[in-house]
Amino acid sequence: QQQVKQSPQSLIVQKGGISIINCAYENTAFDYFPWYQQFPGKGPALLIAIRPDVSEKKEGRFTISFNKSAKQFSLHIMDSQPGDSATYFCAASRSQNDMRFGAGTRLTVKP
Amino acid sequence: NAGVTQTPKFQVLKTGQSMTLQCAQDMNHNSMYWYRQDPGMGLRLIYYSASEGTTDKGEVPNGYNVSRLNKREFSLRLESAAPSQTSVYFCASTWGVSRGGETQYFGPGTRLLVL
């Protein structure tokens, strides 16, 4: 069964809007929660990551919100731009060799 | 630095054929990984190598073998390809020095079609 559930599958946002992608996990042993960004024909690249000792992390227009009690975390993209159009994957890890990925969200930002 | 490189970029196989996917990293990373990416499934770990000389099974190892040739190179072999192995394969690497998760650096992928 999928240990990390991601929603929505696809998302269309107008330029300048806020994009929100949600993930939920089951295993409370997870202690590292990254988000990866993938452009067509490319490999995923780390966008931002958080550890469960903080509830929020912000890097530029990208923010992770983390709710440990609800076992949920989300990615917020402020002032979304057409260049942000990509597939986004959340993930959760409890060790070097046990990274579990969500199914991905295809984001389209319309100009 | 090239980062993580993979060859080939694209391959078509017939059922039963074998092939080896190559991966190399120039970041002096200790740990390397092979994932497959399928629509609606995210990325799933096939095999990993925590350090030179060691390899272990991941979530979906059946039908695959791996070799950690040296610190830089980690290859994935399909001995007898099946249509279910049609996928995009990604190699990744990390420093592998912390107990918890670390940033994984991914290659550009190999798109494999098995007929």
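What you are looking at is a predicted structure, and each value in this text was computed from that prediction instead of being measured.

Asker: Describe in detail the overall build of chain B, supporting the description with residues and values.
Answerer: Within chain B, the secondary structure is distributed over zero helices and eleven strands. If you list the helices and strands of chain B from N to C, you get β-β-β-β-β-β-β-β-β-β-β. The principal-axis extents of the C-alpha atoms in chain B amount to approximately 40 × 25 × 25 Å. Classification of the 115 residues of chain B by burial places 48% in the buried group. In chain B, once contacts between residues fewer than 6 apart in sequence are set aside, the share between residues at least 24 apart is 56%.

Asker: Summarise the pattern of salt bridges; cite the residues concerned and give the values.
Answerer: One pass over the full model with this rule turns up eight salt bridges over all chains. Residue A:Arg100 pairs with B:Glu59 through a salt bridge whose shortest N-O separation is 3.4 Å. Of the two residues, A:Arg100 is situated in strand β10 (residues 99–101) and B:Glu59 in the loop between β6 (56–57) and β7 (64–68); the pairing between them involves two chains. Among the residues examined, B:Glu59 registers a relative accessible area of 39% and is labelled partly exposed. Between B:Arg36 and B:Asp38 there is a salt bridge whose closest N-O contact spans 2.9 Å. Take B:Arg36: its relative accessible area is 9%, and that puts it in the buried class. Beyond isolated ion pairs, a larger network of salt bridges with shared partners links A:Arg94, A:Asp98, A:Arg100 and B:Glu59.

Asker: Can you lay out unusual backbone geometry for me, pointing to particular residues and giving the numbers?
Answerer: For the peptide bond that leads from A:Ser7 to A:Pro8, omega is -5°, which places it in the cis range. Along the chain, A:Pro8 falls in the loop between β1 (4–7) and β2 (10–14). Cis geometry is adopted by the peptide bond preceding B:Pro8, which originates at B:Thr7 and carries an omega value of -5°. Secondary-structure assignment places B:Pro8 in the loop between β1 (4–7) and β2 (10–13). Even without being glycine, A:Asp79 reaches a positive phi, approximately 45°. Assignment of secondary structure puts A:Asp79 in the loop between β8 (72–77) and β9 (86–93). The residue B:Asn28 is not glycine, and still its phi comes out positive at about 65°. Counting through the fold element by element, B:Asn28 comes out in the loop between β3 (19–25) and β4 (31–38).

Definitions and limits used
- Residues numbered from 1 in each chain as written.
- Chains lettered and ligands numbered in written order.
- Predicted model: local features only at pLDDT ≥ 70, side-chain atom pairs only at ≥ 80, totals over all residues.
- Heavy atoms only, no water.
- Helix = DSSP H or I, 4+ residues; strand = E, 2+ residues; numbered from the N terminus.
- Buried < 20%, exposed > 50% of the residue type's maximum accessible area, 1.4 Å probe, protein only.
- Contact = heavy atoms within 4.5 Å.
- Salt bridge = Lys/Arg side-chain N within 4 Å of Asp/Glu carboxyl O.

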